[in-house]
Amino acid sequence: MAEQPAWAHVPVLLERCVELLGPAVGEPGAVLVDMTLGLGGHTEAFLTRFDGLRVVAIDRDRAAIALAQERLARFGDRFTAVHAVYDEVLDVVHRTVGRPVQGVLADLGVSSMQLDEAERGFAYSKDAPLDMRMDPTAELTAADVLNTYAEADLIRILRTYGEESFAPRIARAVVAARRTAPLSRTSELVSIVRAAIPAAARTTGGNPAKRTFQAVRIEVNDELGTLERALPAALESLDVGGRVLVLAYQSLEDRLVKRALARGAVSSAPVGLPVEPETHRPYLRLLTRGAELADDVEREANQRSASVRLRAAERLRPTPDHMRTHRSRWAA
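Residues numbered from 1 in each chain as written. Predicted model: local features only at pLDDT ≥ 70, side-chain atom pairs only at ≥ 80, totals over all residues. Heavy atoms only, no water.

1. A word on the side chain of histidine 42
Examined against the element boundaries, histidine 42 turns out to sit in helix α2 (residues 41-49). Among all residues touching histidine 42, those that are not within four sequence positions of it are Pro11, Val12, Leu14, Cys17, Asp34, Leu105, Asp107 and Leu247. (Helix = DSSP H or I, 4+ residues; strand = E, 2+ residues; numbered from the N terminus. Contact = heavy atoms within 4.5 Å.)

2. Quick notes on the sheet that holds strand β7 (residues 309-315)
The seven strands are arranged β3-β2-β1-β4-β5-β7-β6 in an open sheet whose pairing can be described as mixed. Of all strands in the sheet, those with a lone pairing partner are β3 (79-83) and β6 (284-286), marking the two edges. Recorded for the sheet is a direction-independent mean angle of 20° between the axes of neighbouring strands. In the sheet, strand β1 (residues 31-34) pairs with strand β4 (residues 101-107) via three bridges, with the strands oriented parallel. (Pairing = 2+ DSSP bridges. Axes fitted to C-alpha atoms, helices over the stretch in contact; angles between N-to-C directions.)

3. With respect to the environment of glutamine 114
Here glutamine 114 lies in helix α5 (residues 112-116). Owing to a relative accessible area of 4%, glutamine 114 belongs among the buried residues under this scheme. Between the alpha carbons of glutamine 114 and glycine 38 there is a distance of 8.9 Å; along the sequence they are 76 residues apart. (Buried < 20%, exposed > 50% of the residue type's maximum accessible area, 1.4 Å probe, protein only.)

Structure representation (structure tokens):
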């Protein structure tokens with residue numbers, strides 16, 4: 001059987017993404033920013049379905065950009081890829097578009113390509129170097145975290161980013177193991193976690209190293225800090241009537257998305273005012289009721305959709321920050 005191309009993976013909740021963003025990006029001249037390009041599955045669908053659309057796509061992984069450019073070459077200058085971390089979205093939009101955009105899409109987490117490349121160290125099921133960098137040119141690796149962080153810091157990371165109830169036991173075991181020799185392989189970490197967790201806890205919930213790998217990966221790539229900075233920047237890059245959509249895969253990410261969108265969807269006026277000032281009215285309209293999940297059909301067809309949480313919102317009006325951005329950037 002012929003080997004499938006790297007981009008054979010199915011984009012998560014594709015039809016729902018098109019349905020929610022379509023009204024904003026369907027007009028000729030519209031621009032969609034894909035903040036997490038990956039292999040370009042979502043971008044390809046939008047460029048195919050909306051003839052007048054341009055997509056500016058961001059990724060911190062040059063290998064992903066190269067593959068996506070090969071895949072999307074037929075779209076010519078309707079597709080622009082930028083090597084950057086997605087919290088730089090406002091600067092990218094300013095440089096490449098020069099005006100507010102009509103759509104922003106973010107598909108968070110590790111890309112299928114990164115999981116499939118064993119040597120990247122993201123998958124606990126494959127032995128590989130302890131790397132886990134989404135941008136291979138970045139300095140901090142998983143090995144650095146595990147071999148140099150203090151035990152207290154390892155506990156904090158495992159608890160906060162992995163929601164790991166056995167964080168102290170795992171951190172203690174990591175520190176004990178590295179006294180003998182620095183950790184260098186993912187299989188070593190899996191063995192350490194498995195031995196540190198009580199036997200009864202190993203029988204449920206899948207691989208016991210799953211939460212530890214998630215926590216270390218988030219630390220290496222500053223995923224939550226990046227997302228927290230990116231969300232307001234993405235909203236500032238949107239034109240009035242523009243829409244933002246985020247696909248999150250774990251509760252920590254989804255909590256940040258929920259908070260950012262909810263903040264813009266409620267009035268900021270003091271309680272009891274007889275008339276709500278325009279500047280205090282909501283500047284976002286939520287397009288989803290809570291977080292939407294994949295249905296059984298999608299989960300069966302696309303394993304990656306099992307944990308997805310989708311949220312989307314529409315920009316209703318400018319805010320003072322939004323107007324300052326217009327004056328300082330777009331009019332420059």
